[in-house]
Amino acid sequence: MKILVCVKQVYDSPETLVFDESTGQVTFGPHTVFRMNRYDEYALEEALRIRERLGGAVIDAISVGPARAAKTIRRAMELGADHGIHVQTGDIDSPGAFERAHLIAAAARGRGYDLVLAGVMAEDDMESQVGPLLAAVLEYGCATGVIFEEISGNGREIAVEREVEGGSRECLTLALPCVLTIQSGINTPRYPALSHVLRARSSELECIAASSLAVPPPAQSLVRILPPAQGRKGEIIEGTAVEKADKLIHILREHSLLPRQGA
Amino acid sequence: MSGRFFIIALHEGGRIQEETWELVSFARRCGAAGPVMMVLSDEGSIERLAGELAHRTGLDVVGLAGSHLREYSAEAYIRTLVPFFRDASEEEEVHIAAAHTSRGIDFVPQLSIGIDACCITAVEDVGEGSFIRSLHHGRFRAEVRADRAKVVITVLPGAFAPEDIEPGKPGRIRIVPAGDISLSTRSRGTRAPVHANMGLTRAEVIVSAGRGLGGSENIRLLTMLSSLFPKSALGATRAVCDQGWLDYSHQIGSTGNTVSPRLYLACGISGAIQHLAGMRNSGMIVAINTDPHAAIFRTAHYGIVEDLTTFIPLLVDRCLKRG
Ligand SMILES: Cc1cc2nc3c(=O)[nH]c(=O)nc-3n(C[C@H](O)[C@H](O)[C@H](O)COP(=O)(O)OP(=O)(O)OC[C@H]3O[C@@H](n4cnc5c(N)ncnc54)[C@H](O)[C@@H]3O)c2cc1C
Ligand SMILES: Nc1ncnc2c1ncn2[C@@H]1O[C@H](COP(=O)(O)O)[C@@H](O)[C@H]1O
């Protein structure tokens, strides 16, 4: 069994983003910390569990991104991935979802993956489409939002449950090879084992220049970045912490939401 | 926006999903002339579903029917829709919209590849020949333009009010047999949610925590705060439940419980759309968050920029002191 896990590097907290009004670009501030997209941690953990259950499975981790993305691929190897693939985008921080899916597909094609796992969503751009796009490009089956999986039928199919609105689950069985996008909570991701950390440190990543892969031209372009829409304008309660507490208590009492506390 | 405009109506248990009516508003905002409703199902139910759409919207309806469409699967939808849309000529502009729900986001990207279309997801507003969607935890929005003649879009639930559609006379219905396609995906039915929580749905006040809680040791802060209110319960974001700080029966949001208490106290919650989906109809929303730019402050009626670990004890203390 050969498994590919797609891992995206994202910034840790949106507080470090800087918006430059003159260029209309969002850039990373000097204190930005990068890490693996959380949903991809669950995808990787699920791959590790499949390898433990089946024995003999090989796990590759792939990331499309600039030089710093190598750190996230190494992290995947520290957690237990066997092999790391870096599709290097050079100066381009993050190509669009369409290009990313095509780049991953181009790198994956011909390697005989039985199962491709991705996260249900990237925390930064929130598009939720690279997994299913990739499946369609590779002509693999696909299920999104997977919260349970079990390989069956002598390794030819996989039973999955996908989480839908309200927490119900759609149960289906797909033929392998296929792509699953993994929802958080499917498992509890582990910490790296020392042996894996040491091995990851000494192993080489496989680097592929994005420019060397043939992919179709972008399907969409960015017109500009905008500030958030002004929704209902609530009130920010100002003052010292004590004043804020007292004002809030007053507001809640006014609306009969907070009873007086007995002595 | 020129060219043809299709709205894919999803349905569940024989009922058209509510988001479908929002898609009609979206199509209008795009300036679509005479959008066409589409629905996919088996022969037994297609006419009734198509009839409901035609009556409620007054729009023309195409019903694609086949026994492989009895139950939803992405494969069944794509293998039906790709041949249907591929017939449209290369140059012609076509827009196809579906709701950004667990199913919409399941088949729409795959459909886009099959028909060489551009795929734009979680759209919440319309620009001039462009679409607007949120990025970076709702801190920014991106205006994007399609570079293909065909565009497939998922529309964020709640972004377009389902306007009073005045159907006038019902639209025309065309049922198209989609053939009998044998699928490699096998549906095995649906399982009910494991974490429905009556206590939450009945509570008048919900004290709810996000990742900003910092750890399970701070649950006591929430309990302290909630004990000030008589009919109160503890809520949580998915992040909190994933960490195991509270169990999933406390989860509020699109994949958890939907609540509308008189008061919702959001502590250390960023305000992701999937969380807002479960609590935005609360009577009063108060948010406590260290980050003044957190998206939750745009939904909250009252916002307090403070560290919850110091502010909650202070709030409880002031409340008890003042009696
Ligand atoms: C398909 C799908 C379904 C989902 N369904 C749900 C769902 O049903 N419910 C749900 O909640 N989520 C759901 N999510 C996840 C959702 O997208 C967000 O990831 C999640 O809601 C974030 O939770 P959070 O606000 O607790 O964490 P974060 O987004 O990490 O926010 C933490 C906040 O705490 C603040 N903070 C940090 N420290 C402090 C402090 N000391 N005091 C005060 N504030 C502090 C930070 O400024 C930040 O704003 C779903 C996601 C997907 C893809
Ligand atoms: N640059 C990337 N490199 C590797 N995997 C990615 C990349 N972008 C997206 N993915 C995968 O696709 C999933 C969904 O991303 P998105 O469609 O951008 O929300 C992520 O959770 C990753 O598993």
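Residues numbered from 1 in each chain as written. Chains lettered and ligands numbered in written order. Predicted model: local features only at pLDDT ≥ 70, side-chain atom pairs only at ≥ 80, totals over all residues. Heavy atoms only, no water.

## Quick notes on the overall build of chain A
Then, number 1: A tally of helices and strands in chain A yields six helices and 15 strands.
Then, number 2: With the C-alpha coordinates aligned to their principal axes, the bounding extent of chain A is approximately 70 × 50 × 40 Å.
Then, number 3: Relative to its 263 residues, chain A shows a buried fraction of 55%.
Then, number 4: In chain A, of all internal contacts separated by at least 6 residues, the share reaching a separation of at least 24 is 69%.
Then, number 5: Once the 27 positive and 35 negative side-chain charges of chain A are each reduced to a mean point, those two points are 3 Å apart. (Helix = DSSP H or I, 4+ residues; strand = E, 2+ residues; numbered from the N terminus. Buried < 20%, exposed > 50% of the residue type's maximum accessible area, 1.4 Å probe, protein only. Contact = heavy atoms within 4.5 Å. Lys, Arg positive; Asp, Glu negative; His and termini not counted. Charge placed at Lys NZ, Arg CZ, Asp CG, Glu CD.)

## So, the interface of chain B and chain A
It is common to report an interface's size as the accessible area lost on association of the parts.
Then, number 1: Facing 81 residues of chain B, the contacting portion of chain A comprises 86 residues.
Then, number 2: Counting each side, the surface lost to burial between chain B and chain A is near 7600 Å², with a carbon and sulfur contribution of 53%.
Then, number 3: Inspection of the region where chain B meets chain A yields eight salt bridges.
Then, number 4: In this assembly, chain B and chain A are joined by 41 residue pairs in polar contact (both at pLDDT 80 or more).
Then, number 5: For the side of chain B that touches chain A, a count of residues per class yields 36 nonpolar, 24 polar and 21 charged.
Then, number 6: Relative to strand β9 (residues 140–146) of chain B, strand β14 (residues 220–226) of chain A is paired through six bridges, and the arrangement is antiparallel. (Buried area = accessible area lost by both parts, 1.4 Å probe. Salt bridge = Lys/Arg side-chain N within 4 Å of Asp/Glu carboxyl O. Polar contact = N/O pair within 3.5 Å; in protein donor to acceptor, adjacent residues only side chain to side chain. Nonpolar A, V, L, I, M, F, W, Y, C, P; charged D, E, K, R; others polar. Pairing = 2+ DSSP bridges.)

## Here we look at the site of ligand 1
Then, number 1: The immediate surroundings of ligand 1 are formed by 29 residues, with B:R211, B:T237, B:Q251, B:T255 and B:S270 found nearest.
Then, number 2: Those residues lying near ligand 1 are distributed over chains A and B.
Then, number 3: The separation between an oxygen atom of ligand 1 and a polar side-chain atom of B:Q274 is 2.8 Å.
Then, number 4: Computed on the free molecule, ligand 1 has an accessible area of 1000 Å², of which 84% lies beneath the protein chains in the complex.
Then, number 5: Taken together, the elements giving at least two residues each to the shell around ligand 1 come down to α7 (238–242) and α8 (273–276) of chain B. (Near = heavy atom within 4 Å. Areas by Shrake-Rupley, 256 points an atom, 1.4 Å probe, with all protein chains shown as cover.)

## So, helix α6 (residues 241–254) of chain A
All names here are of chain A.
Then, number 1: Between the first and last C-alpha of α6 there are 20 Å, a value that for 14 residues agrees with the 20 Å anticipated at 1.5 Å per step.
Then, number 2: Every buried residue belonging to α6 is among K244, A245, D246, L248, I249, I251, L252 and R253, and all of these are buried.
Then, number 3: Where α6 ends, the next residue or the one after it, S256, has phi of about 50°, a positive value. (Expected span 1.5 Å × (residues − 1).)

## Focus on the site of ligand 2
Residues and elements named next belong to chain A.
Then, number 1: Around ligand 2 sit 19 residues, and of these D40, V64, A122, Q129 and V130 come closest.
Then, number 2: Here an oxygen atom of ligand 2 sits 2.8 Å away from a polar atom, N or O, in the main chain of A122.
Then, number 3: One of the backbone N or O atoms of V130 is found 2.8 Å from an oxygen atom in ligand 2.
Then, number 4: Taken by itself ligand 2 offers 480 Å² of open surface, and the protein chains cover 100% of this.
Then, number 5: Contributions of two or more residues to the shell around ligand 2 are made by β6 (58–65), α3 (97–108) and β8 (115–119).
Then, number 6: The dominant element in the shell around ligand 2, judged by the number of residues it contributes, is β6, at three residues.
Then, number 7: The residue inventory of the shell around ligand 2, partitioned by class, reads nine nonpolar, five polar and five charged.

## Quick word on the packing of α6(A) against helix α10 (residues 308–322) of chain B
Then, number 1: Contact geometry of α6(A) with α10(B) gives a least axis separation of 9 Å together with a crossing angle of 60°. The orientation of α6(A) relative to α10(B) falls into the category oblique. Taken as a pair, α6(A) and α10(B) cross one another with a handedness that is right-handed. Two secondary-structure elements touch here, α6(A) through A:A241, A:V242, A:K244, A:A245, A:D246, A:L248, A:I249 and A:R253 and α10(B) through B:F311, B:L314, B:L315, B:R318, B:C319 and B:R322.
Then, number 2: Partitioning the contact of α6(A) with α10(B) into residue classes produces nine nonpolar, no polar and five charged. (Axes fitted to C-alpha atoms, helices over the stretch in contact; angles between N-to-C directions. Parallel < 35°, antiparallel > 145°, perpendicular 65-115°, else oblique. Left-handed = near helix turned anticlockwise from the far one by under 90°.)

## Thoughts on the sheet that holds strand β15 (residues 263–267) of chain B
Then, number 1: Read across the sheet, six strands follow the order β15(A)-β17(B)-β16(B)-β15(B)-β13(B)-β14(B) without closing on themselves; strand pairing throughout is parallel. Looking at which strands have only one partner, the edges of the open sheet turn out to be β15 (235–236) of chain A together with β14 (232–236) of chain B.
Then, number 2: Packing against the sheet, helix α6 (residues 219–226) of chain B makes contact with β13 (205–209), β14 and β15 of chain B, and its axis sits at approximately 145° to β14(B).

## What about α6(B)?
Count 3.6 residues to each turn of an α-helix, and residues three or four apart come out pointing the same way.
All names here are of chain B.
Then, number 1: Within α6, the full set of buried residues consists of I219, L221, L222, L225 and S226. Taken around the axis of α6, the buried residues stretch over an arc of 155°, which confines them to a single face.
Then, number 2: Looking at the buried side of α6, the elements it contacts are β13, β14, β15 and α10. (Arc of directions from axis to C-beta.)

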